[in-house]
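Architecture and fold: a report
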Amino acid sequence: MIHAYDPRTGAPFGEAVPENTNAEVDAAVEAARAAGPAWRAADRPQILEAIADALEAHVDELWALADRETALGETRLRGEVGRAAGQFRLFAEVLRDGGHLEAVISTQPDVRRMNHPLPGVVGVFAASNFPFAFSVAGGDTASALAAGCPVVVKAHPGHPLTSELSARVIRAALPDPALLGLVHGLEAGGRLVRHPAVAAVGFTGSVPGGKAVQALIDERPDPIPFYGELGSVNPVVVLPSAAREGLAAGFAASLTLGTGQFCTNPGLVFVPDDADLVASLGTAVAGTSGSPMLSERIRRGYLDGVERLDKLTLLAEGAQGEGAWAVAPKVFTIDLAAFAARLPSVAEECFGPSSIVVTYRDAAELPAVLGRLEGSLTATVHASDPEEARAVAEVLGGKAGRLVWNGWPTGVAVCWAMHHGGPWPASSAPAHTSVGAMALRRWLRPTAYQGWPQELLPAELRDDNPLGVPRRLDG
């Protein structure tokens, strides 16, 4: 049985959710597969918008239950329900646009190509830190449904009741509730990955968790695509020309947002060896307060991580805050040479409100050290002189999927141009994104038709183009 826990008290509440048996997982996957053909023929944009409306209509009960399970608060959780609804609406726009099909026609010889939904079910592993936006109602689910694929979600044990409620709300807006399956339990997740009808897997979580899922996929007789968003330290480089006003406050706010439980948390900050600047960063963090983490397991992981960092110099520590699973923000400091000598272990992700401030005396020494970092979802540069940043930017461009200028990495906009991915270990497939319009490309496959008769071609590739989709003709 899986129990819901209140992070503020550490006590269980509500009815326990049973872990699903192998037979129950199989039934959910088979039901989803059976619902697939009708779903691919349905008016998906209209239904996706109906799901968005349903989420917003139930926001009061959704956020309240999620707050009991996560302690993330009303403002954050209401906003996250809105974000989840916005993702469904964005994918409705994407489908109406038709560009995701990437329809291409060559006349010499006659070859026509377009994307189709994967022929099967998409398995989704929900995240701990976003009970809506990266969970049952999250971007993996929304993008897979948009692509035309039924979905079975393995719920995160940190918010089982919110997962059940989210699934009920979404199913009520679907033409067939079997299009969204939901299973609970570690063994159920393994069974889901192994099921022959599962055509791809989306995952948001830790590096060890992602490796475990990939290992299960590798054992299949037919390995399938794995799209994992894993670990990221999101380096921030403050160059000498950077504006100092607001810098420390921005850092502290980004570091402690959601108790640091963001995949885009600024875990490494490189700054000039300026005592006043370093002190201002420490003062800003010292003025912050922690709050409960999402689970006892995540709290233990954070405490283990900061214990590893205790070998560095402690720059500042915020207040622990209230709650059974509350933690204190911590920032450590080290100079660039010592940091480089301790790579790669010193730069391992510590999930939570902790960061390392790395001081340097010569910005010319930064590119060599930055080049030794592992991949991240984001990399940030603070500077007022673009030319000063050129060498650093070139290195960071090969290390991250999103580059931020004079900002902070937390907060990932749901928009057409967003890329949320990066080189390993940030993600397992850096060419793809889990946020934004292009997220549904993960669940599509191309087919080329050579010399195929008009009567058998998909409507999108016929000469008369009855659906009016955008197409490329002979380049």
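Residues numbered from 1 in each chain as written. Predicted model: local features only at pLDDT ≥ 70, side-chain atom pairs only at ≥ 80, totals over all residues. Heavy atoms only, no water.

So, on to the layout of surface pockets. As a volume, the second largest pocket reaches approximately 490 Å³. Contributing to the lining of the second largest pocket are 22 residues, with R40, R44, H100, L101 and E460 lying nearest its centre. For the lining of the second largest pocket, the secondary structure elements donating two or more residues are α2 (44-57), α4 (74-97) and β4 (111-117). Top element by residues in the lining of the second largest pocket is β4. It accounts for four residues. Of the residues contributing to the lining of the second largest pocket, the split by class is 11 nonpolar, five polar and six charged. (1 Å grid on protein atoms, 1.4 Å probe; cavity = no way out; pocket = protein on both sides within 12 Å on 5 of 7 lines; lining within 4 Å. Points joined across faces, edges and corners; volume = space filled by probe spheres on them. Helix = DSSP H or I, 4+ residues; strand = E, 2+ residues; numbered from the N terminus. Nonpolar A, V, L, I, M, F, W, Y, C, P; charged D, E, K, R; others polar.)

Core analysis: the biggest nonpolar cluster contains 93 residues, and L55, F270 and F339 have the highest contact counts within it. The dominant element in this core, judged by the number of residues it contributes, is α4, at 10 residues. Contact partners of L55, with chain neighbours within four places excluded, come to L62, V81, A84, A85, F88, A137, V169 and I170. Counting residues in hydrophobic clusters, the runner-up holds 21 residues, among them V25, A188, F226 and L230. (Core = buried A, V, L, I, M, F, W, Y, C linked by side-chain atoms within 4.5 Å. Buried < 20%, exposed > 50% of the residue type's maximum accessible area, 1.4 Å probe, protein only. Contact = heavy atoms within 4.5 Å.)

Right, let's talk about the sheet that holds strand β3 (residues 103-106) for a bit. Here four strands make up an open sheet; going across it, the order is β17-β4-β3-β18 and the pairing mixed. On the outer flanks of this sheet lie β17 (444-450) and β18 (471-473), each paired with one strand and no other. Going across the sheet, the axis of each strand differs from the next one's by a mean of 20°, ignoring polarity. Pairing analysis gives three bridges linking β3 to β18, with the strands arranged parallel. Among the inter-strand pairings, A103 is bridged to a residue of β18, identified as R471. (Pairing = 2+ DSSP bridges. Axes fitted to C-alpha atoms, helices over the stretch in contact; angles between N-to-C directions.)

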